[in-house]
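One letter stands for each residue in the lines below.
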Amino acid sequence: MTRTSVTFNLNEPLIFEKSAPGKSAYTLPKLDVEDVPVEEILDSRYLRTEVQGFPEVSEVELIRHYTRLSTWNYHIDLGMYPLGSCTMKYNPKLNERVSRIPSIALTHPLQEEQQSQGCLEILFRLQEYLKELTAMDAVSLQPAGGAQAELTGILMIRAYLTQKGSPRRFVLIPDSAHGTNPASAVLAGYEVISIPSDEKGRIDVKVLAEKMSEEVACLMLTNPNTMGIFETHIEEIAQIVHQKGGLIYMDGANFNALMGYARPGEMGIDVLHLNLHKTFSTPHGGGGPGSGPVVCQQHLAPYLPMPRVEQEGELYRFNSDHPESIGRVHSFHGNFGMAVRALCYILSCGREGLKELSEMAVLSANYIRRRLEEHYDLPYDTPVLHEVIFSDKRQNKKGVTTLDIAKRLIDYGFHPPTTYFPLIVQGALMIEPTESYSKEELDAFIDAMIAISHEAEEDPEKLTTAPATAKLTRLDEVRAARSPILRWEP
Ligand SMILES: *Cc1c(COP(=O)(O)O)cnc(C)c1O
């Protein structure tokens, strides 16, 4: 084994179990102002008397408890995190530093426009860069993530078509799409028609032409698609859809495959979203804040969420005078901290740097593909961009599945890649290395994958019982999903 598990395996009880009556993590001096009983200020209805089972621990116990727990986490600063489609790249600490500058971090969102010119400029400049990178005309930074951005974009398409006479009824979505795509289309009131992929892993253009009609509002397309494959027929696809008065929504969550090389506005895309928390290096995972700007062509601009951040002479301002807008999709101005990080990332990379990072992301994925293709089944032999998909077809002959391979990777000290997605590849292992790993790190990952493929041949039980070194070994995933215990009870 080339590496061992890097996490620190201490046994640590729940904080509730460490509790002892009377311990406290803080002491405050007695108030030196007149002591007004709290009941006189607040209605007793709002006062809690006791929280059942509330843990009582000292400060040092509290700190050590959470510090120990933090060592059980696998994270991007600890090692490779090759989750396909999720773009788990390294987030430069400079972005964090800048986003914490007090005049940026502590500005209240209700502060007057004149007093928040700097913050407005940050939003405005980010909008301009995103327009430039995508060759689009207008943008909203409001949506809090990819899924919400998709809903926003589809609602804009709905508003546009409604104004033209009819919102139409269907949305076409390739069978390789991210699960959020059909969900967003349905939420926006559409019925989904699935378009199959051809033997190369691309959208089947013939079927698309058959399904396209004047009842179809739009095609939702991911490019490169979730197989990491570029839709080379994009111009023909756009023509087919536009001829019948439909629009094209592009899911641009994984823009580090294209950035600096190809611009959706030049491919016939009408509206797309970007995930700042993927491509533009803001930390994500664990449901933390995200940001999914929606970028569109001029004909959709009137429908963007408002208020919009605009420049008027020397001043920046919020403009709510957009009567055709679909309205607000987020309180205030979206997740502002994400915008700060993304702008900082764009400025610190520069034009050449952004282009180079796309190159590195694509090179890393193809390096992994090349070195592993002898050992793992490649469902499509089409060249890939930023991610590569293998399947467990070969290992399956020994009774080893994708899940076993993923669990065994934990023993080698790596976070497993995305598994069983996209659904059209049976036993998919979807690997996205991103641009932020050295060749040595990529080689260590590849060597672990190769060692695992040998183990599958020679000692399959090592895989089917893995992980052996993790704090918790094989979990009952079905029971964990069906009857989770989410709350500790005294
Ligand atoms: C991550 C992702 C999404 C969803 O983005 P969230 O911010 O998680 O809502 C949509 N499409 C693709 C292709 C993605 O990779």
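Residues numbered from 1 in each chain as written. Predicted model: local features only at pLDDT ≥ 70, side-chain atom pairs only at ≥ 80, totals over all residues. Heavy atoms only, no water.

## Digging into the overall build of the protein chain
(1) Moving on: Across its full length, the protein chain carries 15 helices and 12 strands.
(2) Moving on: Along the longest, intermediate and shortest principal axes, the C-alpha atoms of the protein chain span 75 × 70 × 45 Å.
(3) Moving on: Summarising the internal contacts of the protein chain: among those between residues at least 6 apart in sequence, 71% fall at separations of at least 24.
(4) Moving on: Each charge class in the protein chain was averaged separately, 47 positive and 65 negative side chains, and the resulting centres sit 3 Å apart. (Helix = DSSP H or I, 4+ residues; strand = E, 2+ residues; numbered from the N terminus. Contact = heavy atoms within 4.5 Å. Lys, Arg positive; Asp, Glu negative; His and termini not counted. Charge placed at Lys NZ, Arg CZ, Asp CG, Glu CD.)

## Some remarks on the sheet that holds strand 12 (residues 428-431)
(1) Moving on: In spatial order, the strands read 10-12-11; together these three strands make up an open sheet with antiparallel pairing. Strands with a single pairing partner mark the edges of an open sheet, and in this sheet they are strand 10 (388-391) and strand 11 (418-419).
(2) Moving on: Taken together, the two bridges between strand 11 and strand 12 define a ladder with antiparallel strand orientation. Along strand 12, the bridge assignment pairs threonine 419 with leucine 429. (Pairing = 2+ DSSP bridges.)

## A few points about the pattern of salt bridges
Note on pairing: side chains with opposite charge can pair once their charged atoms come close.
(1) Moving on: Per the stated rule, a full pass over the model turns up 24 salt bridges.
(2) Moving on: A salt bridge links glutamate 435 to lysine 89; the nearest nitrogen and oxygen atoms lie 2.6 Å apart. With glutamate 435 in the loop between strand 12 and helix 13 (439-458) and lysine 89 in the loop between helix 2 (59-70) and helix 3 (93-99), this residue pair connects regions lying 346 residues apart in the sequence.
(3) Moving on: With relative accessibility at 13%, the residue glutamate 435 sits in the buried group.
(4) Moving on: Overall, the relative accessible area of 2% leaves lysine 89 in the buried class.
(5) Moving on: The residue glutamate 373 makes a salt bridge to arginine 370 at a minimum N-O spacing of 3.3 Å.
(6) Moving on: With relative accessibility at 28%, the residue glutamate 373 sits in the partly exposed group.
(7) Moving on: For arginine 370, a relative accessible area of 60% gives the class exposed.
(8) Moving on: Each member of the salt-bridge network shares a partner with another, and the members are Arg371, Lys439, Asp443 and Asp447. (Salt bridge = Lys/Arg side-chain N within 4 Å of Asp/Glu carboxyl O. Buried < 20%, exposed > 50% of the residue type's maximum accessible area, 1.4 Å probe, protein only.)

## Considering the domain arrangement of the protein chain
(1) Moving on: Parsing the protein chain into structural domains produces domain 1 (6-70), domain 2 (93-348) and domain 3 (353-481).
(2) Moving on: The C-alpha centroid of domain 2 is placed 43 Å from the C-alpha centroid of domain 1. (Domains from an automatic or database assignment.)

## Things to note about the pairing of strand 8 (residues 308-312)
(1) Moving on: In terms of strand pairing, strand 8 meets strand 9 (residues 315-319) through five bridges, oriented antiparallel. From the neighbouring strand, glutamate 310 faces strand 9, where its bridge partner is arginine 317.
(2) Moving on: Taken together, strand 8 and the strand that follows it, strand 9, pair antiparallel across an intervening segment of two residues, in which glycine 313 is found at a positive phi of about 60°.

## A short note on the nonpolar core
(1) Moving on: Within the largest apolar cluster, 54 residues are counted, with the highest numbers of intra-cluster contacts made by Leu126, Leu130, Leu219, Leu258, Ile269 and Phe280.
(2) Moving on: A total of nine residues in this core trace back to one element, the largest contributor, which is helix 10 (residues 336-372).
(3) Moving on: With residues near it in sequence (within four places) discarded, isoleucine 269 still touches Met136, Ile234, Ile248, Met250, Pro264 and Gln297.
(4) Moving on: Of all hydrophobic cores here, the second largest spans 39 residues; its members include Ile389, Phe414, Ala444 and Phe445. (Core = buried A, V, L, I, M, F, W, Y, C linked by side-chain atoms within 4.5 Å.)

## Overview of the site of the ligand
(1) Moving on: If you check the shell around the ligand, you find 13 residues, and the closest are Ser85, Gly146, Asp251, His277 and Lys278.
(2) Moving on: The separation between an oxygen atom of the ligand and a polar side-chain atom of asparagine 254 is 3.4 Å.
(3) Moving on: Asparagine 275 places a side-chain nitrogen or oxygen 3.1 Å from an oxygen atom of the ligand.
(4) Moving on: In the complex, the protein chains occlude 84% of the 380 Å² of accessible area that the ligand would expose alone.
(5) Moving on: Class assignment of the residues belonging to the shell around the ligand gives a composition of two nonpolar, eight polar and three charged. (Near = heavy atom within 4 Å. Polar contact = N/O pair within 3.5 Å; in protein donor to acceptor, adjacent residues only side chain to side chain. Areas by Shrake-Rupley, 256 points an atom, 1.4 Å probe, with all protein chains shown as cover. Nonpolar A, V, L, I, M, F, W, Y, C, P; charged D, E, K, R; others polar.)

## A few points about the packing of aromatic side chains
(1) Moving on: Scanning all chains against the criterion turns up six aromatic pairs.
(2) Moving on: Ring geometry for tyrosine 160 against tyrosine 303: centres 6.2 Å apart, planes inclined by 80°, an arrangement best described as edge-to-face. You can see tyrosine 160 sitting in helix 6 (residues 146-164) and its partner tyrosine 303 sitting in the loop between strand 7 (294-296) and strand 8, a full 143 residues away along the chain.
(3) Moving on: Taking relative accessible area as the criterion, tyrosine 160 reaches 14% and is therefore assigned buried.
(4) Moving on: Classification of tyrosine 303 by relative accessible area gives buried; the value is 7%.
(5) Moving on: When the ring centre of tyrosine 190 is taken as origin, the NZ or CZ atom of arginine 158, which lies over that ring, is 4.8 Å away.
(6) Moving on: Of note, lysine 355 hangs over the ring of tyrosine 261, and the distance from its end group to the ring centre comes to 5.0 Å. (Phe/Tyr/Trp six-rings, centres within 6.5 Å; stacked < 30°, edge-to-face > 60°. Lys NZ or Arg CZ within 6 Å of the ring centre and 35° of its normal.)

## Examining the pairing of strand 12
(1) Moving on: Going residue by residue along strand 12, you find Ala428 and Met430 tucked away on one face and Leu429 and Ile431 tucked away on the opposite face as well.
(2) Moving on: Of the pairings in the sheet, the one linking strand 10 to strand 12 comprises four bridges and is antiparallel in character. Bridging from a neighbouring strand, valine 388 pairs with isoleucine 431 of strand 12.

## Focus on unusual backbone geometry
(1) Moving on: Looking along the chain, the bond that leaves asparagine 223 and enters proline 224 is cis, with omega of 0°.
(2) Moving on: Take proline 224: it is sitting in the loop between strand 4 (216-222) and helix 9 (234-243).
(3) Moving on: A cis amide bond links alanine 466 with the next residue in sequence, proline 467, at an omega value of 0°.
(4) Moving on: Relative to the helices and strands, proline 467 is located in the loop between helix 14 (461-464) and helix 15 (477-482).
(5) Moving on: Its identity is not glycine, yet phenylalanine 332 carries a phi of approximately 50°, on the positive side.

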